[in-house]
Amino acid sequence: NPPEEAKNDRNWTDKMSSTAKKIGEIRKQVNSKEYLAAHDNILELSNTIGTFFEAVGVGDEKQLFITTSADINDLQRFVGKQELESIEKVLNKIRGDLKEFVALMPSDASNVSATEALIDSISKSVAAKDAPDKTDTIVNDLRTSFEELRSRILMKEWFSEDNKED
C-alpha cells in the first residue's frame, strides 16, 4: 500500500514491482561480480526512485532537479557503454535542463558558463573517441556543477528577501 502522499498514484504497484525486480537484478549481478552491469542498474534504479515523487505534488522546480539527475545518470550509463547516439540525445536534454536552471537562478549566479563548457567537453570527448573513463570523469564534474547550481537556486529560495523576518 502506498503512503498517504501517494495514495492517488495509479502506478504505485507497478513502480514497487519494477523497483523490487531491479534490486533483485542488482543483487544477482553483484554476487556474480558483474560490477559494471550492477552499476548501470543502480543508475537506472536511481531514476526509477525519482518517479515515486510524481504523485506526491513535487513542484516544477524540484521535478527539474529530479529530471536533471536522471538525465545525468542516463548520460553516465551511455558513456560507459559508448552509445554515441544516446549520448548526444541526452546531452541535448541536459542543455535544455540547464536553460531551465538558468531561469530559476539568482541574478548574481555564476557557474552557468562552466556547466555549459562541461557539456561541450563531454561532446568533444565522445567525438574524439576518448576512453569512457576519461569522459566519465567529465560527467562526474558535470554532476557536481549542476549540484552547485541547484544549491544556488535553493539558497535563493531559502534566503530570499521575502523570507526574511522583521
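Shown above is the structure to which this text applies.
For the structure given in this document, a descriptive report is provided here.

Thresholds applied
- Residues numbered from 1 in each chain as written.
- Predicted model: local features only at pLDDT ≥ 70, side-chain atom pairs only at ≥ 80, totals over all residues.
- Heavy atoms only, no water.
- Helix = DSSP H or I, 4+ residues; strand = E, 2+ residues; numbered from the N terminus.
- Contact = heavy atoms within 4.5 Å.
- Core = buried A, V, L, I, M, F, W, Y, C linked by side-chain atoms within 4.5 Å.
- Buried < 20%, exposed > 50% of the residue type's maximum accessible area, 1.4 Å probe, protein only.
- Phe/Tyr/Trp six-rings, centres within 6.5 Å; stacked < 30°, edge-to-face > 60°.

### Some remarks on the side chain of S125
Okay, so step 1: Within the element layout of this structure, S125 appears in helix 5 (residues 112–127).
Okay, so step 2: Ignoring sequence-local partners within four residues, the contact set of S125 consists of D130, T135 and I138.

### Remarks on the nonpolar core
Okay, so step 1: Judged by nonpolar contacts, the single largest core of 25 residues is most densely connected at L75, I94, F101, I122, L142 and F146.
Okay, so step 2: Those elements giving two or more residues to this core turn out to be helix 3 (60–81), helix 4 (84–104), helix 5 and helix 6 (132–158).
Okay, so step 3: Of all the elements, helix 6 adds the most residues to this core, at seven residues.
Okay, so step 4: Leaving out residues up to four positions away in the same chain, I122 has contacts with L75, L91, T135, I138, V139 and L142.

### A look at the packing of aromatic side chains
Okay, so step 1: Across all of its chains, the model carries two aromatic pairs by this definition.
Okay, so step 2: Consider the rings of F65 and F101, whose centres lie 5.6 Å apart with planes at 50 degrees: the pair is tilted. Of this pair, F65 sits in helix 3 while F101 sits in helix 4, and the two are 36 residues apart along the sequence.
Okay, so step 3: With 5.0 Å between their ring centres and 75 degrees between their planes, F101 and F146 make a pair best called edge-to-face. Here F101 is found in helix 4, whereas its partner F146 is found in helix 6, with 45 residues between them in sequence.
Okay, so step 4: With a relative accessible area of 3%, F146 lands in the buried category.

All we've got here are geometric facts, nothing functional implied.
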